[in-house]
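# Descriptive structure summary
Listed below, chain by chain, are the residues.
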Amino acid sequence: MPTTPPVFLVDALPPGQEALLDGPEGRHAAAVRRLRAGEELVLADGVGGLAACTVREAAKDSLLLTVTRRWTDPPPTPRVVVAQALIKGDRGELAVELATEAGADEIVPWRASRCVAKWEDGPRGDKALAKWRATAREAAKQARRAWVPPVHEPLHTKALAARATEAALTLVLHESATRRLSSTDLPPTGDVLLVVGPEGGITEEELAALTQAGAHPVRLGPTVLRASTAAAVALGALGALTNRWS
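Residues numbered from 1 in each chain as written. Predicted model: local features only at pLDDT ≥ 70, side-chain atom pairs only at ≥ 80, totals over all residues. Heavy atoms only, no water.

The name an unreviewed UniProt entry gives the protein chain is Ribosomal RNA small subunit methyltransferase E, with Solihabitans fulvus as the organism. The record in UniProt for the protein chain states the following under Sequence similarities (unreviewed entry): "Belongs to the RNA methyltransferase RsmE family." (UniProt positions renumbered as here; feature names shortened; annotations may be inferred.)

A few words on the overall build of the protein chain. Along the backbone of the protein chain there are six helices and 10 strands. Here the C-alpha radius of gyration of the protein chain, 20 Å, is about what a compact globule of 246 residues would show, namely 18 Å. Its C-alpha atoms give the protein chain principal-axis dimensions of about 60 × 40 × 30 Å. Looking at the protein chain as a whole, 47% of its 246 residues are labelled buried. Within the protein chain, contacts between residues at least 6 apart in sequence are counted, and of these 71% link residues at least 24 apart. For the protein chain, the accessible area works out to roughly 12,500 Å², and carbon and sulfur atoms hold 52% of it. Across the protein chain, the 29 positively charged side chains and the 29 negatively charged ones have centroids separated by 3 Å. (Helix = DSSP H or I, 4+ residues; strand = E, 2+ residues; numbered from the N terminus. Rg over C-alpha atoms; globule rule 2.2 N^0.38 Å. Buried < 20%, exposed > 50% of the residue type's maximum accessible area, 1.4 Å probe, protein only. Contact = heavy atoms within 4.5 Å. Areas by Shrake-Rupley, 256 points an atom, 1.4 Å probe, with all protein chains shown as cover. Lys, Arg positive; Asp, Glu negative; His and termini not counted. Charge placed at Lys NZ, Arg CZ, Asp CG, Glu CD.)

This part takes up the sheet that holds strand S10 (residues 216–218). Across the sheet, which stays open at both edges, the five strands sit in the order S7-S6-S9-S8-S10 with parallel pairing between neighbours. The two strands at the open ends of the sheet, each matched to only one other strand, are strand S7 (106–110) and S10. Direction aside, the axes of adjacent strands within the sheet are offset by 25° on average. Inspection of the sheet shows strand S8 (residues 169–173) paired to strand S9 (residues 191–196) by four bridges, in the parallel sense. (Pairing = 2+ DSSP bridges. Axes fitted to C-alpha atoms, helices over the stretch in contact; angles between N-to-C directions.)

Moving on: the nonpolar core. Within soluble globular proteins, side chains that are nonpolar generally end up buried alongside one another. Counting residues in hydrophobic clusters, the biggest one holds 47 residues, and the most contacted among them are Trp-110, Leu-171, Leu-193, Val-195 and Leu-210. Judged by nonpolar contacts, the second largest core, of 15 residues, contains Leu-21, Leu-43, Cys-53 and Leu-65. (Core = buried A, V, L, I, M, F, W, Y, C linked by side-chain atoms within 4.5 Å.)

UniProt tags residues 21–67 as "domain: Ribosomal RNA small subunit methyltransferase E PUA-like" (unreviewed entry). Annotated as residues 21–67, this span is 21% helix and 45% strand, and its ends, taken at the C-alpha atoms, are 12 Å apart.

Okay, the environment of Arg-145 next. Of note, Arg-145 is situated in the loop between helix H3 (123–142) and helix H4 (157–166). Separated by 93 residues in the primary sequence, Arg-145 and Leu-238 have C-alpha atoms spaced 17 Å apart. The contact partners of Arg-145, leaving out residues within four places of it in the chain, are Ala-44, Thr-100, Gly-103, Ala-104, Asp-105 and Ala-140. A distance of 3.2 Å separates the side chain of Arg-145 from the backbone oxygen of Trp-147, its partner in a polar contact. (Polar contact = N/O pair within 3.5 Å; in protein donor to acceptor, adjacent residues only side chain to side chain.)

Between the first and last C-alpha of helix H6 (residues 230–241) there are 16 Å, a value that for 12 residues agrees with the 16 Å anticipated at 1.5 Å per step. Regarding H6, the residues found buried are Ala-230, Ala-231, Ala-232, Ala-234, Leu-235, Leu-238 and Gly-239. (Expected span 1.5 Å × (residues − 1).)

Moving on to the domain arrangement of the protein chain. For an interface, size is often stated in terms of accessible area lost upon the parts coming together. The domain boundaries assigned to the protein chain delineate domain 1 (7–72) and domain 2 (79–241). A straight line from the C-alpha centre of domain 1 to that of domain 2 covers 32 Å. Contacts between the two partners involve eight residues from domain 1, matched on the other side by seven residues from domain 2. When the two sides are added together, the surface that domain 1 and domain 2 hide from each other amounts to roughly 800 Å², 59% of it contributed by carbon and sulfur. (Domains from an automatic or database assignment. Buried area = accessible area lost by both parts, 1.4 Å probe.)

Once that is clear, we can look at the environment of Ser-246. Residue placement: Ser-246 occurs in the segment after H6. Along the primary structure Ser-246 and Pro-76 are separated by 170 residues, whereas in three dimensions their C-alpha atoms are 8.8 Å apart. A distance of 2.7 Å separates a polar side-chain atom of Ser-246 from the backbone oxygen of Asn-243.

A few words now on helix H5 (residues 204–212). Restricting attention to buried positions, one finds in H5 the residues Glu-206, Leu-207 and Leu-210. The arc enclosing the buried residues of H5, seen along the axis, measures out at 100°, which places them on a common side. Away from its buried face by more than 90 degrees, H5 exposes Glu-204, Glu-205 and Gln-212. If you follow the buried residues of H5, they end up packed against S7, H4, S8, S9 and S10. In the stretch just after H5, Gly-214 is the one whose phi turns positive, near 105°. (Arc of directions from axis to C-beta.)

Of the consecutive residues Thr-77 and Pro-78, the connecting peptide bond is found in the cis state with omega at -10°. Inspection of the secondary structure assignment puts Pro-78 in the loop between strand S5 (63–72) and strand S6 (79–85).

Structural data, given as C-alpha cells:
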C-alpha cells in the first residue's frame, strides 16, 4: 500500500523550481530517512503552504530538490484553540503531541490552580515552553499537517476567561457537566476554545470565572479521561461533528 510522502518544515517555501533542503531537516531527510534520487517529499512552511518535490541529488546531509507542485491548505473551520492545563513531566508533552496530531489549531498553556507543574517565569519556564513548541512542531510533521499550531505563553485563569469572551464558543471539559459535547450546538466558523483542566480537576472558582465569561461545561462520555488525552479525544469528536474533516 503506497504511503504519503514525508513532510519537512522550512522557514519559507522555495521561490523557484529548484531547492536545497539542508540544516537539521536536510540532515534528517538524507541521513535518517535516507531519501535518494527519484523519491518524493513535501516541504511545508507551517502556515498552510506546501510544495511537492522530487529528490534530484542526495548528499551526506542535504538534498537537492525539484519542485513539482505548490498549493495552500486552508485552515479548518471552525478553528479549535486548546487551553491545556500544565501537566508535570512528559505527560504535558504527550498532551501537546496528541492534540497536534488530532488537529489543534492553537495551544494555550493554562496555569490552573491545581497544576502540579508551575512554569515559573525565568529559564525553567522558558525551557518547558520550548519543549511544548518543539513537540507541536514534530507532531505536525508526523501527522503531515500543513499548519503547525502555535504554542503561546501560559495564561492565568483571568486571562483565559478574557480569551473565552472572544471565542465563538468556549467548552470546558468537566466530569460533573450534564451537557454532552455531542448535543452542543457548534459554530460553523470562528474559534472554539476547548479548556482542559489539570489532573487535580478544575476548581469551582475557576469554573465560575469561565462560565461567567460565556463558557459551557461539557462532558465527552461516561468515563473520566486523563488531562493528557482529553483534548485529543475532544478534537476527534469535533472533527466528526463539524466540517473540520470535510
